[in-house]
Amino acid sequence: MKKFSTIHSSFIVDFTFQNNITILMGDSGTGKTAAFSFIRECMAINPQILCLNYLDYQKNIKGILSETEGKLIVIDNADILLNDETRKYISLDDKNQYLIIGRNPKNLFATKENLYELVSEKIGEQTKFTLKSYL
Amino acid sequence: MITIFKDKYDIPKDMEYVELNDLFFNQNTVLLIDERAEKIIEAIDNTKLLGKYKICSRFNEVALDIDRLSAGCKTVLNVMYYPEKVFCMKECGDNALEVLYGLDRGYVCSEYAMIPFDMDDVEVQEKSGKRIIHDYEELKEWWQDEK
């Protein structure tokens, strides 16, 4: 999945992924978790999406990922959810597209091409979220 | 000033360590919210506190439950309202770190460097003791030192 877009009330999410792993970072309060919640809503009807966040803290995240193929996997609260072993697994996983919301690229073998921030743009009464290169 | 741990095993046994700031805020800190939170919420999330449990969305100005604050903002509020506990600081963006480092007291932990560009003095604590660090480079060096 190279693109993902959805609408949630007055919000539009329009993401284009340039890499297998997109790390979404940036200041607090920019809307990252809001965007996550809009993508998670799509899980109800789109089996190609898997969303994980701090509510999955006690689960075996690596186990879940290793049983998943061909999905957009969106992980919020990644800095507390992903241990080193899971990060290494993700870095080598070519079967899924990852959107990782966090600030620590450790063990993901990321370069600046993997680092993005959220851009919010007002369009009339709507707010559109897109991705922009972080560096 | 705040006190920083770089290893959660350095935290004294009689201090509680909180990693899930979202959950802790939603279940505990929310009950203590008062006017002291207003400036912090405005500074970090660029939003207004409308009441004890309501904020105004920065995007469409609708009223939202206070649980929609960012994890970074919740972390700073957790530290401020519970200065005897240690909170994970890994979910703080630069804007939240700037406010966090300016708090009068509180304890935080991260295994890797989380430093705002414009930092105040901080205390760092390991099993071997405590010391005060005044500048960015010195703090970065402390974080990079072998444990």
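Residues numbered from 1 in each chain as written. Chains lettered and ligands numbered in written order. Predicted model: local features only at pLDDT ≥ 70, side-chain atom pairs only at ≥ 80, totals over all residues.

## A word on the pairing of strand S4 (residues 49-52) of chain A
Each regular strand shows side chains that alternate between the opposite faces of the sheet. Residues and elements named next belong to chain A. One ladder, built from 4 bridges, connects S4 with strand S5 (residues 72-75); its direction is parallel. Looking at the pairing, Leu-50 lines up with Ile-73 of S5. In terms of handedness, the path from S4 via helix H2 (residues 61-66) over to S5 forms a crossover that is right-handed. (Pairing = 2+ DSSP bridges. Helix = DSSP H or I, 4+ residues; strand = E, 2+ residues; numbered from the N terminus. Right-handed = clockwise from strand over helix to strand, strands pointing away.)

## Brief notes about the sheet that holds strand S5 (residues 63-65) of chain B
All names here are of chain B. An order of S3-S4-S5 is seen for the 3 strands of this open sheet, with the pairing classed as antiparallel. The sheet is open, and its two edges are formed by strand S3 (49-51) and S5, each paired on a single side. Direction aside, neighbouring strands of the sheet carry axes that sit 40 degrees apart on average. Judged from the 3 bridges that link them, strand S4 (residues 54-56) and S5 form a sheet pairing that is antiparallel. Bridge pairing links Ile-55 to Leu-64 in S5. (Axes fitted to C-alpha atoms, helices over the stretch in contact; angles between N-to-C directions.)

## Observations concerning the sheet that holds S4(A)
Residue and element names in this part refer to chain A. Strand order in the open sheet formed by 8 strands is S1-S2-S8-S7-S3-S6-S5-S4, and the pairing between neighbours is mixed. The open sheet terminates on both sides in strands that have one partner only, identified here as strand S1 (3-8) and S4. Along the sheet, successive strands turn relative to each other by an average axial angle of 20 degrees, direction set aside.

## A few points about the interface of chain B and chain A
The interface of chain B with chain A comprises 22 residues on the first partner and 15 residues on the second. Taken together, the elements giving at least two residues each to the side of chain B that touches chain A come down to helix H1 (21-27), helix H2 (36-45), helix H3 (71-81) and helix H4 (94-101) of chain B. Within the side of chain B that touches chain A, the residues separate by chemical class into 10 nonpolar, 6 polar and 6 charged. (Contact = placed C-beta atoms within 7 Å. Nonpolar A, V, L, I, M, F, W, Y, C, P; charged D, E, K, R; others polar.)

Read these as geometric descriptors, not functional statements.
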